[in-house]
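Structural features, examined
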Amino acid sequence: MWVYLLIIFLILVLAYRECYGAYLSKKGLMLVVMALGMFVGLGDMLGGYDRYIYANLFDELSDQIMHNDYNFWKTNLFDMYMSDIGYCWLNVAIGFITRNRYIFILLVTIFIYINIYNAIKRYTNNYALALLVFMGFWFFFTFTYLRQVLAVSFAWYAIKYILQRNWKMYLLIIAIAISFHNSAFIFAPLYFIPVRKYRRNTVLGIAIVCFLLGITGIPSLIYDAYDEVAEYAGVKTSYTNIDTARWAYIVEAVLILFIIHRNYNILFENKLKTLMTNTSIIFCMILMLFYNSENGGRMSWYYVIGIVATLSNLVGMASKNMLLNRHFIIILCFCLYMRILLAWGVLVYPYKTFLTSGVREGDFIEMEYEYDHDYDENKFYR
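Summary of the structure given here. (Residues numbered from 1 in each chain as written. Predicted model: local features only at pLDDT ≥ 70, side-chain atom pairs only at ≥ 80, totals over all residues. Heavy atoms only, no water.)

**What about the overall build of the protein?**
So the rule is basically this: Secondary structure is summarised from DSSP: a helix means a run of H or I of at least four residues, a strand means a run of E of at least two, and numbering begins at the N terminus for each. We take the radius of gyration over the C-alpha atoms and set the globule estimate at 2.2 Å times the residue count to the 0.38 power. The buried label goes to any residue with under 20% of its type's maximum accessible area, the exposed label to any with over 50%, and the partly exposed label to all in between, with areas taken from a 1.4 Å probe on protein chains only. By definition, residues are in contact when any of their heavy atoms lie within 4.5 Å. Note that accessible areas follow from Shrake-Rupley with a 1.4 Å probe, and for residues the cover is restricted to the protein chains shown.
Looking only at helices and strands, one finds 19 helices and zero strands in the protein. In summary, the protein has a C-alpha radius of gyration of 21 Å against a globular reference of 21 Å for 382 residues, a match within 12%. Overall, the protein is about 65 × 40 × 40 Å in size when its C-alpha atoms are taken along their principal axes. Counting across all 382 residues of the protein, residues that qualify as buried make up 60%. Within the protein, contacts between residues at least 6 apart in sequence are counted, and of these 77% link residues at least 24 apart. Summed over all atoms, the accessible surface of the protein reaches about 16100 Å², with 65% contributed by carbon and sulfur.

Right, dumping it as structure tokens:
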């Protein structure tokens, strides 16, 4: 666990330095984000069961490529993810480069973190503070849900086209993101929501409606019927210890809405900040809609970039009146980071890369779902 504590400590140091004028440069941001990407990408099947799904399908596909059989649509990958055709063809492209599942995961992860770097660079002002918010709200999910994280990070390229009012390019980016993971459709309506400041009572009213709908369980039933990962596995994929995750959605949403409400008059300085604030509000609404679902909260990930931008902007404000915001938000991000770290346990620690042989002791996911034990002794035998 110590390596995860060291990482968050270093990000905290950078964030506090930025609060007092020592801003992280674009080059510094790139170095930190790429270091995080390598850390995640080099992990030896960390994050849980999902990596075994993607790795197994990739290995089968790469074997077919090796044997010069290019009937890709006959593979389990295309059968399983035919509606996510972009992800399938990404597998094919990487399959011509490597047959090794670890290199496949590393390359996909690097692509994801390039997207994350570009999003933070484009849509935030205080890079170190933005990284801290990212660590608290989204970092650990990049270990596992590769397809959806890939779709989310790619969809963020579309945001600039909202400001430019270029609907063709916006919908093109969203279409590509949907080809990675169908859930990206939830990001499409953002273009059509006017970029303006809404009345606080309007925001509060919509939040209450979303909460009441969440209580009914209807949005959760719709999402759970859609959740194809569990169907493929044939098992329940809730192997973490986050039994209270659903109520955590509500707590998280209420805290963020409280922060936004408290600072409402200073969050709409320009169109970009207005868009990011509205995106943050939508993030909270989705959490409330799906709080009764085991995995529905993942639909909010497309809007987490708004949280990263809005909260980091607030922390970075120099006014003495912002001191309470500063410490509250920093503590909130640290607590969210630690909650996932402690809840996931063996899924992420002890940390091990695939650069060494063997498997981690006590990894029950590996014990049950490892499909090729030749990887145990030689990670590069393929």
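Next comes the rest of the description.
**Structural notes on helix 1 (residues 2-19)**
The condition is simple: To estimate how far a helix should reach, multiply one less than its number of residues by 1.5 Å.
An ideal rise of 1.5 Å per residue puts 26 Å on 18 residues; helix 1 measures up with 26 Å between its terminal C-alpha atoms. For helix 1, the set of buried residues is Val-3, Tyr-4, Ile-7, Ile-8, Ile-11, Leu-12, Ala-15, Glu-18 and Cys-19. Directly beyond the C-terminal end of helix 1, a positive phi value near 100° is found at Gly-21.

**Focus: the environment of Phe-137**
Take Phe-137: it is sitting in helix 7 (residues 127-137). Between the C-alpha atoms of Phe-137 and Gln-148, which are eleven residues apart in sequence, the distance is 15 Å. Apart from the residues lying within four places of it in its own chain, the contact partners of Phe-137 are Glu-252, Ile-256, Phe-283, Val-304, Ile-307, Leu-311, Leu-332, Cys-333 and Leu-336.

**A look at the pattern of salt bridges**
Convention followed: A carboxyl oxygen of Asp or Glu within 4 Å of a side-chain nitrogen of Lys or Arg is what we treat as a salt bridge.
What the rule picks out here adds up to seven salt bridges. Its salt-bridge partner being Asp-84, residue Arg-147 comes within 2.5 Å of it at the nearest N-O pair. Residue Arg-147 is located in helix 8 (residues 146-155), and its partner Asp-84 is located in the loop between helix 4 (76-80) and helix 5 (85-95); the two are separated by 63 residues in the primary sequence. The exposure classification of Arg-147 matches that of Asp-84, with both residues buried. We note a salt bridge from Arg-360 to Asp-363, for which the minimum N-O separation is 3.1 Å. We classify Asp-363 as buried; its relative accessible area is 5%. Look at the salt bridges and you will find they share partners, linking Asp-44, Lys-352 and Lys-379 into a network.

**What about empty space enclosed by the protein?**
Put simply, the test is: Site definitions follow a grid-based scheme: protein atoms alone, a 1 Å grid, a 1.4 Å probe that fits but cannot get out for cavities, and for pockets an open set with protein on both sides within 12 Å along at least five of seven lines, plus lining residues having an atom within 4 Å of a point. Grid points are joined across faces, edges and corners, and a volume is the space filled by probe spheres set on the points. Each residue receives one of three labels: charged for Asp, Glu, Lys and Arg, nonpolar for Ala, Val, Leu, Ile, Met, Phe, Trp, Tyr, Cys and Pro, and polar for the others, Gly being one of them.
Counted under the stated rule, the structure contains four cavities of 30 Å³ or more. Volume-wise, the largest cavity comes out at about 70 Å³. Asp-44, Met-45, Tyr-52, Val-359 and Glu-366 are, among the 13 residues lining the largest cavity, the residues nearest its centre. Looking at side-chain class alone, the lining of the largest cavity contains four nonpolar, one polar and eight charged residues. In terms of lining, the second largest cavity is formed by Ile-266, Leu-267, Lys-273, Met-276, Thr-277, Thr-310, Asn-313 and Met-317. Counting only elements with at least two residues in the lining of the second largest cavity, the list comes to helix 15 (271-289) and helix 16 (304-316). Looking at the lining of the second largest cavity, the element that brings in the most residues is helix 15, giving three residues. A class-by-class count of the residues in the lining of the second largest cavity yields four nonpolar, three polar and one charged.

**Let's talk about the layout of surface pockets**
Volume-wise, the second largest pocket comes out at about 260 Å³. As for the second largest pocket, its lining consists of 14 residues, of which Val-203, Leu-204, Ala-207, Leu-257 and Phe-258 are closest to the centre. For the lining of the second largest pocket, the secondary structure elements donating two or more residues are helix 11 (200-216) and helix 14 (245-262).

**Some remarks on the environment of Tyr-113**
Within the element layout of this structure, Tyr-113 appears in helix 6 (residues 101-123). The exposure class of Tyr-113 is buried, given its relative accessible area of 1%. Residues Tyr-113 and Leu-36 lie 77 residues apart in sequence; the distance between their C-alpha atoms is 8.0 Å.

**A look at the side chain of Asn-278**
Relative to the assigned elements, Asn-278 resides in helix 15. In this view, Asn-278 contacts Pro-194, Val-195, Arg-196, Tyr-198 and Phe-268; residues no more than four positions away in its chain are not counted.

**Considerations on the packing of aromatic side chains**
Just so we agree on the cut-off: The criterion for an aromatic pair is that two Phe, Tyr or Trp rings (for Trp, the six-membered ring) have centres within 6.5 Å, with stacked assigned to planes under 30 degrees apart, edge-to-face to planes over 60 apart and tilted to the rest. A ring has a charge above it when a Lys NZ or an Arg CZ is no more than 6 Å from the ring centre and no more than 35 degrees off the ring normal.
Applying the stated criterion to the full structure yields 41 aromatic pairs. Measuring from ring centre to ring centre gives 6.3 Å for Tyr-4 and Phe-143, while their planes differ by 55°; the resulting arrangement is tilted. A residue pair is termed long-range when its members are at least 10 positions apart, and Tyr-4 in helix 1 and Phe-143 in the loop between helix 7 and helix 8 qualify at 139 residues. Among the residues examined, Phe-143 registers a relative accessible area of 0% and is labelled buried. With a centroid separation of 5.7 Å and 85° between ring planes, the pair formed by Phe-154 and Phe-180 is classed as edge-to-face. Of the two residues, Phe-154 sits in helix 8 while Phe-180 sits in helix 10 (residues 167-180), which places them 26 residues apart along the sequence. Taken as a pair, Phe-154 and Phe-180 share a single burial class, namely buried. For the cation-ring pair, Arg-101 lies above Tyr-375, with the distance from its terminal atom to the ring centre recorded as 3.9 Å. The cationic tip of Arg-147 hangs over the ring face of Tyr-81; the distance from NZ or CZ to the ring centre is 3.9 Å.

Everything listed here is a matter of geometry and, on its own, says nothing about what the molecule does.
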